[in-house]
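In case you want the letters, here they are:
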Amino acid sequence: LLLVAGLIAFSPFIYDWVRFGERSGRVQSLLLGAILTISAFQMFVVAVLADLIGSGRDIAQRQLERTRAVELASGVPPAHLLDKDAS
């Protein structure tokens, strides 16, 4: 959505540049388009990082569940209970 808004904001500048060869006007639209486009890219990067963090948490959760299942099947008390007994 931000990328579309950024491209729309760029359009008056691009139109003047292509149609009339004039690059001195419409600086506001150029600046607004650049800000919105950069914001869209940053939001995309943050979304990718959030997805990677979520995947890492899923992997850690699955590994914890597998470890607990192996501990319970072999009769070993779970590791978090061993720490309490030592203190």
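Residues numbered from 1 in each chain as written. Predicted model: local features only at pLDDT ≥ 70, side-chain atom pairs only at ≥ 80, totals over all residues. Heavy atoms only, no water.

**As for helix α2 (residues 27-74)**
Logical step 1: The end-to-end C-alpha separation of α2 is 71 Å, in line with the 70 Å expected for 48 residues at 1.5 Å each.
Logical step 2: For α2, every residue scored as buried is listed here: S29, G33, L36, A40 and E71.
Logical step 3: Of the residues flanking the end of α2, it is G75, one or two places downstream, whose phi is positive at about 85 degrees. (Helix = DSSP H or I, 4+ residues; strand = E, 2+ residues; numbered from the N terminus. Expected span 1.5 Å × (residues − 1). Buried < 20%, exposed > 50% of the residue type's maximum accessible area, 1.4 Å probe, protein only.)

**Considering the packing of aromatic side chains**
Logical step 1: Overall, the coordinates contain 2 aromatic pairs when judged by the stated rule.
Logical step 2: Their ring planes at 40 degrees and their centres at 6.1 Å tell us that F13 and W17 sit as a pair that is tilted. Pair noted here: F13 and W17 are both in helix α1 (residues 2-20), with a separation of 4 residues, about one helical turn.
Logical step 3: A relative accessible area of 40% means that W17 is categorised as partly exposed.
Logical step 4: Ring plane angle 90 degrees and centroid distance 6.2 Å describe the contact between Y15 and F20, whose orientation is recorded as edge-to-face.
Logical step 5: Since its relative accessible area comes to 56%, F20 is described here as exposed. (Phe/Tyr/Trp six-rings, centres within 6.5 Å; stacked < 30°, edge-to-face > 60°.)

**Notes on α1**
Logical step 1: End to end, α1 covers 27 Å across 19 residues, agreeing with the expected 27 Å (1.5 Å per residue, within 8%).
Logical step 2: Bending of α1 peaks at approximately 40 degrees at the position of S11, with proline P12 no more than four residues after it.
Logical step 3: Within α1, the full set of buried residues consists of G6, A9, F10, F13 and D16.
Logical step 4: Tucked inside the fold, the buried residues of α1 contact α2.
Logical step 5: Positive phi shows up at G21, right after α1, with a value of about 70 degrees. (Bend = angle between axes of the 7 residues up to and from the residue. Contact = heavy atoms within 4.5 Å.)

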